[in-house]
Amino acid sequence: MNSVPEDDLTTLRVDQFLPHPPAKVWRALTEPELLAQWQMPGSEDFRLEVGHRYLLTSVPRPNSNFSGTVEVRVLAYEAERMLRVRWADADPGRPADWTITWTLEHEGRGTRLFLVHEGFDPDDPAQMMARKIMDGGWRSHVLRSLGQALDRL
């Protein structure tokens, strides 16, 4: 699926099986009212349109040099298959500038959802702290919240 080595500190890779069809998972990734149920505040401003920009808000994390606000821009998508966005810290003095790619693959009676989060700077201790926090967050919080939102549909 991806040629990024497992020990590549510039990238996080997560995959999760969801017992829902790809069309339903796609809706949760791209419909603003559904995004708002599982992603950060501001998701309700999402539009599935290349170039569209919006802001997400979260808790500032000084130990990872995160201001608490993310500027998001839709980079690319293939309906019911792939969504790629750019996340950059809204504070121009912060180094975060990441690409997040969601890929959906039909698997049995559900969907295998792959997340690739790229752009961490392994030479920046704050970026490595952000990577550690986000690795845990994607796995334990975000994908669980997505699964719960899907179960409610």
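Our subject in this report is the structure included herewith. (Residues numbered from 1 in each chain as written. Predicted model: local features only at pLDDT ≥ 70, side-chain atom pairs only at ≥ 80, totals over all residues. Heavy atoms only, no water.)

Trp 38, Trp 87, Trp 102, Leu 113, Trp 138 and Leu 146 are the most contacted members of the largest nonpolar core, which totals 37 residues. In terms of residue count, helix α3 (residues 125–152) provides more of this core than any other element does, nine residues in total. (Core = buried A, V, L, I, M, F, W, Y, C linked by side-chain atoms within 4.5 Å. Buried < 20%, exposed > 50% of the residue type's maximum accessible area, 1.4 Å probe, protein only. Helix = DSSP H or I, 4+ residues; strand = E, 2+ residues; numbered from the N terminus.)

Its identity as a non-glycine residue notwithstanding, Glu 80 has a phi of 60 degrees, on the positive side. For Glu 80, the location among the structural elements is in the loop between β3 (69–78) and β4 (82–89).

What follows covers the pattern of salt bridges. Taken as a whole, this structure holds seven salt bridges when the rule is applied. For Asp 15, the salt bridge identified is with Arg 112, shortest N-O distance 2.8 Å. In this pair, Asp 15 is assigned in strand β1 (residues 11–18) and Arg 112 in strand β6 (residues 110–118), connecting sequence segments 97 residues apart. Residue classification places Asp 15 among the partly exposed positions, given a relative accessible area of 40%. As a salt-bridge pair, Asp 135 and Arg 139 come within 2.6 Å of each other at their nearest N and O atoms. Of this pair, Asp 135 and Arg 139 both sit in helix α3, four residues apart, which is roughly one turn of the helix. Relative accessible area serves as the criterion here: at 44%, Arg 139 is assigned to the partly exposed category. A network of salt bridges, in which partner residues are shared, links Asp 15, Glu 107 and Arg 112. (Salt bridge = Lys/Arg side-chain N within 4 Å of Asp/Glu carboxyl O.)

Let us look at the pairing of β3. Here five bridges tie strand β2 (residues 53–57) to β3, and the two strands are oriented antiparallel to one another. Bridging across to β3, Thr 57 finds its partner in Thr 69. As paired strands, β3 and β4 are joined by eight bridges and run antiparallel to one another. Along β4, the bridge assignment pairs Val 70 with Asp 89. (Pairing = 2+ DSSP bridges.)

This part covers the pairing of strand β5 (residues 97–107). When β4 meets β5, the two strands line up antiparallel, connected through seven bridges. Bridged to Arg 84 within β5 is Thr 101. Where β5 meets β6, nine bridges bridge the pair, whose relative direction is antiparallel. Looking across to β6, one finds that Thr 99 is bridged to Glu 118. Counting the residues between successive antiparallel strands, the hairpin from β5 to β6 contains two residues, one of them, Gly 108, with a positive phi of roughly 55 degrees.

Right, let's talk about helix α1 (residues 22–30) for a bit. With seven of nine residues buried, α1 lies mostly within the body of the structure. Of the residues making up α1, those classed as buried are Pro 22, Lys 24, Val 25, Trp 26, Ala 28, Leu 29 and Thr 30.

What follows covers the packing of aromatic side chains. For the structure shown, the criterion picks out five aromatic pairs. For the pair Trp 38 and Trp 102, a centre-to-centre distance of 5.8 Å together with 90 degrees between the ring planes defines the contact as edge-to-face. Remark: Trp 102 occurs in strand β5 and Trp 38 occurs in helix α2 (residues 32–38); sequence separation between them is 64 residues. This pair shows no difference in class: Trp 38 is buried, exactly as Trp 102 is. Measuring from ring centre to ring centre gives 5.7 Å for Phe 46 and Tyr 54, while their planes differ by 90 degrees; the resulting arrangement is edge-to-face. With respect to burial, Phe 46 and Tyr 54 carry one shared label: buried. Members of the aromatic cluster, each reached through a chain of ring pairs, are Trp 38, Trp 87, Trp 102 and Trp 138. (Phe/Tyr/Trp six-rings, centres within 6.5 Å; stacked < 30°, edge-to-face > 60°.)

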